[in-house]
Every structure is written in C-alpha cells, then in structure tokens.
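Commentary on secondary and tertiary structure
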Amino acid sequence: MANQEQTLKAFAVQLFQIDAIKFGEFKTKVGLMTPVYCDLRVIVSYPDVMKTLANLLEQQIKDITNVDIICGVPYTALPIATAVSLNTGLPMVMRRKEAKDYGTRKLIEGVFKEGDKCLIVEDVVTSGSSILETVKDLQNEGIKCSDAIVLLNREQGGANILKNNGINMHALLTLSQLISYLIEAKCIDVATNEKVKQYLAENQVKDAVLPAINRLKLSYQERAKLTKNVVAEKLFQIMSTKQTNLCLAADVTVASDLLNLAEQVGPYICALKTHIDIIEDFSSNLLSPLKEIAHRHNFLLFEDRKFADIGKTVELQFSKGIHLISSWASLVTAHSLLGKGVLDGIKAASLDSCGVFLLAETSAAGSLITESYTKSTVKLASDYPQLVAGIVCQNNLFLDNPGLIQLTPGVNINKTSDNMGQQYNSPEFVVGKKGADIAVVGRGITEAKDPVETAKLYRNLLWEAYTMRLK
Ligand code: 6AU
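Rules used throughout
Residues numbered from 1 in each chain as written. Predicted model: local features only at pLDDT ≥ 70, side-chain atom pairs only at ≥ 80, totals over all residues. Heavy atoms only, no water. Helix = DSSP H or I, 4+ residues; strand = E, 2+ residues; numbered from the N terminus. Contact = heavy atoms within 4.5 Å. Phe/Tyr/Trp six-rings, centres within 6.5 Å; stacked < 30°, edge-to-face > 60°. Buried < 20%, exposed > 50% of the residue type's maximum accessible area, 1.4 Å probe, protein only. Lys NZ or Arg CZ within 6 Å of the ring centre and 35° of its normal. Near = heavy atom within 4 Å. Polar contact = N/O pair within 3.5 Å; in protein donor to acceptor, adjacent residues only side chain to side chain. Areas by Shrake-Rupley, 256 points an atom, 1.4 Å probe, with all protein chains shown as cover. Nonpolar A, V, L, I, M, F, W, Y, C, P; charged D, E, K, R; others polar. Salt bridge = Lys/Arg side-chain N within 4 Å of Asp/Glu carboxyl O.

In the annotation of an unreviewed UniProt entry, the entry for the protein reads Uridine 5'-monophosphate synthase, and the organism field reads Ceutorhynchus assimilis.

Here is the structure:
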C-alpha cells in the first residue's frame, strides 16, 4: 500500500514535469478562467509515464468485478485504454465519435456481445458528460456499463452526476490529492493551492449537464406529452390506444384498391402512407371516403410526397393541383436538401395542423446521402419542433429527443431486397436494434396472399419488439 502511494506521488510529479498539469491563468473551452489546466494528451509522448499509469490503473481495476471489455472515452483516453488492455489482458472496444459514411455505420468497433459488462476508461472528469456520451452509445448496443476508471477527478461535481446516471467513478487521483503531492514535492506553493480551492468551490457543475433521456425507454403514451407537434401527439396516442406501430405503405394504383385496403387493414395500423400520384383513376371523389375510413378506424393519412423544392413551390404543391394534399393528409414527407424553405412552404399551406417527416437516411442501396447531410437534417428537425413530427431514417439518430418519431421503411419478413435497390430488415431488428418507433411496410402486406392476416402479423411482431424494448 505504502509502495502504491509512493508510486502515485512520483507519478503526480511526473505529470507536472511533462506539463500534463499546469498552474496559472487559463481559458477553458467555454471561455471561463481556471487556475489549473490538465492536458493529458501529452502522455502519449512519454511511454514511461504511460507505463506507470497503466500499472496504477491495473491496480485500481482489481476491485471491480465481472468486467468483460473496456472502452476508452475518445480521444485522449484511447491510448490509455489500450495500455490498460495490454496490461490486464481485458479486450477493448472502441467508440467512434462519428459513424462512418459508408458500410455498417457502426459506432462501437471491436468484438462484443449483448450483455457484456464494459469498464469505461477516462483521463480527466469535470462534469462526467463525455463518459455519459460513451455510455449511451455502448448501452445502445446492449452493453452494460456501471463503472469508470479515471486518472483525475477534478472534483467539480462529475462523480455525483455519474452516480446519478448509474456509473461509479474510480479515480486514481483527485485534484486536491494531486496538489498536496505537488506541494510536498515542492513543485507548487501553498498560495497556488488556495487559488485552486477557491476556484473549485466557485465552479461546481450542476446535474443538469446531461438529462440522460432515452426515448427508447419511454412509452408512446409518455412521449405524446413530450412532442411539440400536434399531429405527432395524436399519432403517439393512436399508437398507444390501438397498440400498433405499423404504418402501411398503400402503394396501389387503383382508387378502389386503396379504399378496400384502408377499410380492411385500417384497424391494425396507426397511419396509411400513400403515393397519391400513382393512382391512375384519381379524382377528388376518392378523398372523402378515404378520410371517412381513416376517421372511423382511427389512423392518420400520410402522403409520402417527399417535397424538395423552394418554399413557394412547395406551398403550391401541397395545397393546389388535382391532389389537394393539404386538405386530407395530416402527415407528409419532405427532403431537407433545400433547407428550411420547404418547411415554410408546408406551414404556409397548412389548413389545419400538419406533421412533417424529414428524410435523413434511406433504405435504398447506393443512396448519395452523407453522414453530414443526415446530421444536418436531424438538426433542422430539432430546430422546428412545432412542425416536424419525425425523421425517416434507418438508424437511431436522436436518442435524446423523445418528441420526434423515428419512421423506418424497408421492412419485410420474407425478403432482404427487391431488384431495384430496396433493402429490407425484420420488424424485430428495426424496432429493437435500430430505434424505429414506426415501421413502414408496403409490399410485405399488399402483395401477401392475405393482406389482412399479414398486417395483423406485422402489427404483432412490431408491437412485441416495442414492448421488449421498454423492458
Ligand atoms: O415495403 P415497400 O418496399 O413495398 O415500400 C416501402 C415504402 C415505399 C417507399 O416510397 C417508402 O416506403 N420509403 C421511404 C419513405 C417512407 O419515405 C423512404 C425510404 O428510404 N425507403 C422507402 O422505401 O412507399
């Protein structure tokens, strides 16, 4: 034990000597002044210090049981986690800060399985928010996180915030401890200590840093209260009362087929998605019976128009022409390509309340959508919560925004693709693993021998996946 303390003291002095910890007047990321600055990034240039650190952390880990894997918080802690992994033999996984533009879009790299217990490795903790971001991505993959080992606890409230979020922090050093070792070694004087003490007393982080909301663990009923879009609220309520998160893509080309489908499948869906421009015998006579069926079976009419023009043109496309979309569809899809104008156009033409689903990702193979486009689309959606009901996407892009609805098309239990680039996944996968709140099923139902029985089957599978997700 005494030996361990000697090593720790010598290590503290080393940190000071390599400028990983500095005293003076420094500006923090958020523009505040601080008398102490920790920059652990320099450690990679001192393999002997890294070795000591890995040995010290290895001792620290001994008290934490049942660890299967470890994960460093990107980026500074990645080499530290690597060193710990080499020392202890514990396998490591890596969290990407950004998902790749191509391929699998995996956020966690390496080998792991659902239920694995992961130990988090971090360099410095102030508020704990970086650890919580990493924990969020790991938990999303079904990995369990309850402990984090860190080099330095800055004693600004992070330990408490982590504790409130289910993470026990095990710090090698607290800032006060580090300072007392440095005073003992005559690296700094007592006056410096006083300044740091005062700074810490005045700069405690309050818990509100990360609300740790996880929409996947909230029921549709709870989320109805959290959305700012009136149609999304109604949709959540319908899903909750009818116990269905199935949206039917009614891609038929004859008006009477559309009405028959709506009538028969209506009791099992929350929304009926149309491409009204594919109806060969369309006339405005179709609209009132369609609205009547939707009202009677309590589902929403959703025109998948994918608006993508300047605001003024979108306003006209939404309200004029033969289809008069704004007069019957309470939900519509739109591309975000031209930015906010598309939303202004829809808003200008809305007769009643309207909910827009912005397309951020697609189920089509070879799509030209990039990761930054996807991110900007989610940002646009969050900026217009009154108008945007949700996002059309394939991945869980907005865990902490429970008011938005994730709509995921490309769902089929018998096929993995069609011959024109459509890609399919199962109901369990899209809801359980990819964060879909509503799944869109088209030909899986419309081309089935018995569309009604098949719709019931999809409805049951999707609802079960949702209830499993809440557990
Ligand atoms: O199940 P399917 O393949 O028969 O039908 C899927 C439906 C079609 C597409 O126009 C639509 O979902 N869709 C969308 C939407 C909803 O906008 C986006 C996408 O990425 N993929 C996709 O298939 O009506």
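This paragraph deals with the side chain of D123. The topology assignment puts D123 in strand 6 (residues 117–125). If near-sequence neighbours (up to four positions away) are discounted, D123 is found in contact with L40, T76, A77, I80, V150, L151 and L152.

So, about the packing of aromatic side chains. Geometrically, a pair of aromatic rings is defined through the distance of the ring centres and the angle of the planes. Taken as a whole, this structure holds 8 aromatic pairs when the rule is applied. Between F16 and F23, the ring centres sit 6.4 Å apart and the planes meet at 40°, which makes this aromatic pair tilted. Judged by its relative accessible area of 23%, F16 falls in the partly exposed class. Members of the aromatic cluster, joined through ring pairs, are Y220, F236, W463 and Y466. Seen from the ring of F398, R215 lies directly overhead, with NZ or CZ sitting 4.4 Å from the centre.

Attention now goes to the site of the ligand. Taken together, the neighbourhood of the ligand is formed by 16 residues, with D251, K273, S363, Y424 and R443 sitting nearest. Within the side chain of D304, an N or O atom sits 3.3 Å from an oxygen atom of the ligand. Relative to its unbound accessible surface of 510 Å², the ligand loses 90% to contact with the protein. A per-class count over the shell around the ligand returns 6 nonpolar, 5 polar and 5 charged.

This part takes up unusual backbone geometry. Cis rather than trans, the peptide bond between P74 and Y75 has omega equal to -5°. Looking at the element boundaries, Y75 is found in the loop between strand 3 (69–72) and helix 3 (77–88). With phi around 50°, Q243 is a residue other than glycine that occupies positive phi space. Relative to the helices and strands, Q243 is located in the loop between helix 9 (230–242) and strand 9 (246–249). Residue classification places Q243 among the partly exposed residues on the basis of a relative accessible area of 42%. The phi angle at N298 is positive, at roughly 55°, despite the residue not being glycine.

What follows concerns the pattern of salt bridges. Per the counting criterion, the structure on display carries 20 salt bridges. For the salt bridge of K456 with E453, the shortest nitrogen-to-oxygen distance reads 3.1 Å. Taken together, the residues span about one helical turn, with K456 and E453 both in helix 17 (residues 451–470) at a distance of 3 residues. A relative accessible area of 42% places E453 in the partly exposed class. The network of salt bridges with shared partners includes R215, R223, D437 and R469.

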